[in-house]
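# Coordinates in review
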Amino acid sequence: MAAKPDSSSNDLREFLTTRRARITPEQAGLPVYGANRRVTGMRREEVALLAGISVEYYTRLERGSVGSVSDSVLDGLVHALQLDEAERDHLYRLVRAAGTPAGHVPRRTPAKKRVRPTVQRIVDQMPMPAYLRNSRFDILAANDLGRALYSPLYDQAAAHTPGQPPNSARFCYLDPAATEFFVDYDKVANDCVAYLRAEAGRDPYDKDLSDLVGELSTRSDEFRRRWAAHDVRYHRTGRKRFHHPLVGDLELDYEAFELAGDPGQRINVYTAPPDSASEEALNLLASWTARKPAPGLPAAAVHDKED
């Protein structure tokens, strides 16, 4: 299930435990003594040594017994556990949440489902596939080419959650078509869970996110397994491969643009390398879209909807 106020200590314990298990002493630059190690990664004392803190203190942290923890201690753990930016931010949030009484945890402004007309115009006027989504992977708006690219998601939403926006996480884990649509399905599935895990750490009070995670955990063994890994990741730029039901294979670069005026919302934009087979396929999809209405619900249907 998603993080809840009373589970912050458990989330911290499991996050530190999983990070420690993935790094061997050799990877950390430590000597290994003895051939019979009971742990797959580093021992607690090895993490404490690298972080510059006592074993007793690290043990308390890993058990979720958190009081006031200095930034220098957390930075030491970041170094010892070789955390990246997303993991570092997640660690800070978990420690702060575990060390703060539930009634005093600052709540993040809920991610909105309302699409501002200005944002809709920006998306509509982009010549490449573009869509707007929130932190729960709800696709709130898209231009015609974006809706055509993601037509399988709109088809699933129309069939199973009519009146609701398509949701990438729900499609990824609950629709068998996802394994064919996403060529690198395992990577997409892992990235999806890692992003949701980061969002759960950012706001443990987000009921809609908690409900989504609960639904996916109940209905998908694959989601439940990946959620238990406690991986976190940011999705800002990269390349994604699709097998589109109309135009076949596409390999597209994507960029994500966070909207400062609408926290939790972001515009995802896809482009194809010049003179590539993917550009040709994308042009074909654009030509088809110009002649035929894009699939799914009209973009205007999400305008002015409130949480």
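Look up: the structure comes first, before these words.
None of these values were measured; they are calculated from a predicted model. (Residues numbered from 1 in each chain as written. Predicted model: local features only at pLDDT ≥ 70, side-chain atom pairs only at ≥ 80, totals over all residues. Heavy atoms only, no water.)

## Quick word on the overall build of the protein
A tally of helices and strands in the protein yields 15 helices and five strands. Each of the 307 residues in the protein was classed as buried or not, and the buried ones make up 50%. Restricting to contacts in the protein with at least 6 residues of sequence separation, those with at least 24 account for 62%. Carbon and sulfur atoms make up 51% of the accessible area of the protein, which amounts to about 14900 Å² in all. (Helix = DSSP H or I, 4+ residues; strand = E, 2+ residues; numbered from the N terminus. Buried < 20%, exposed > 50% of the residue type's maximum accessible area, 1.4 Å probe, protein only. Contact = heavy atoms within 4.5 Å. Areas by Shrake-Rupley, 256 points an atom, 1.4 Å probe, with all protein chains shown as cover.)

## Some points on the nonpolar core
If you look at the biggest cluster of nonpolar residues, it comprises 41 residues, and the most contacted ones within it are Tyr-150, Tyr-173, Leu-196 and Phe-242. The element that contributes the greatest number of residues to this core is helix H12 (residues 185-202), accounting for eight residues. Apart from the residues within four sequence positions on either side, Phe-242 is in contact with Leu-149, Tyr-150, Phe-181, Phe-182, Val-183, Gly-248, Asp-249, Leu-250, Leu-252 and Tyr-270. Within the second largest apolar cluster, 32 residues are counted, among which are Met-42, Val-69, Val-73 and Val-95. (Core = buried A, V, L, I, M, F, W, Y, C linked by side-chain atoms within 4.5 Å.)

## Description of helix H5 (residues 71-81)
At 3.6 residues per turn, the α-helix brings residues three or four places apart onto the same side. Taken together, the buried positions of H5 are Val-73, Leu-74, Gly-76, Leu-77, Val-78, Ala-80 and Leu-81. Each element contacted by the buried residues of H5 is listed here: helix H1 (8-21), helix H3 (44-51), helix H4 (55-62) and helix H6 (85-98). Phi turns positive, to about 55 degrees, at Gln-82, one or two residues after H5.

## Side note on the packing of aromatic side chains
Scanning all chains against the criterion turns up 15 aromatic pairs. Both rings, one in Tyr-173 and one in Phe-223, keep their centres 5.2 Å apart while their planes meet at 85 degrees; by these two values the pair is edge-to-face. Of the two residues, Tyr-173 is situated in helix H10 (residues 168-174) and Phe-223 in helix H14 (residues 221-227); the sequence distance between them amounts to 50 residues. Lys-240 extends its terminal NZ or CZ atom over the ring of Tyr-254, reaching a point 5.5 Å from the ring centre. (Phe/Tyr/Trp six-rings, centres within 6.5 Å; stacked < 30°, edge-to-face > 60°. Lys NZ or Arg CZ within 6 Å of the ring centre and 35° of its normal.)

## Side note on the sheet that holds strand S1 (residues 130-133)
Strand pairing in a sheet relies on backbone hydrogen bonds. The paired strands run either parallel or antiparallel. Strand order in the open sheet made by the five strands is S2-S1-S5-S4-S3, with antiparallel pairing throughout. The open sheet terminates on both sides in strands that have one partner only, identified here as strand S2 (139-142) and strand S3 (237-244). Between one strand axis and the next, the sheet turns by 30 degrees as a mean value, whatever way the strands run. The pairing of S3 with strand S4 (residues 248-258) spans eight bridges and is antiparallel. Counted as the bridge partner of Arg-241 is Glu-251 from S4. (Pairing = 2+ DSSP bridges. Axes fitted to C-alpha atoms, helices over the stretch in contact; angles between N-to-C directions.)

## A look at the side chain of Arg-20
For Arg-20, the position within the fold is in helix H1. Leave out the neighbours within four places in its chain, and Arg-20 touches Gly-41, Met-42, Arg-43, Arg-44, Val-47, Tyr-58, Glu-62 and Leu-81.

## Some remarks on H3
The complete set of buried residues in H3 reads Glu-46, Val-47, Ala-48 and Ala-51. Contacts made by the buried residues of H3 are with H1, helix H2 (25-28), H4 and H5. Count one or two residues on from H3 and you reach Gly-52, which has phi positive near 75 degrees.

## A word on the pairing of S4
Bridging between S4 and strand S5 (residues 266-271) involves six bridges; their strand directions are antiparallel. Pairing of Ala-256 across the sheet is with Asn-268, part of S5.

## Here's the deal with the pattern of salt bridges
With the rule as written, the count across this model stands at 28 salt bridges. For the salt bridge of Asp-191 with Arg-233, the shortest nitrogen-to-oxygen distance reads 2.7 Å. Separated by 42 residues along the polypeptide, Asp-191 in helix H12 and Arg-233 in the loop between H14 and S3 bring together distant segments of the chain. Looking at Asp-191, the relative accessible area reads 12%, which means it is buried. (Salt bridge = Lys/Arg side-chain N within 4 Å of Asp/Glu carboxyl O.)

## Details of unusual backbone geometry
Positive phi, close to 55 degrees, is recorded for Gln-82, a residue that is not glycine. With respect to the secondary-structure elements, Gln-82 resides in the loop between H5 and H6. Within the chain, His-230 stands out as a residue other than glycine whose phi angle is a positive 60 degrees. Relative to the assigned elements, His-230 resides in the loop between H14 and S3. In this structure His-230 comes out as buried when scored by relative accessible area, which is 3%.

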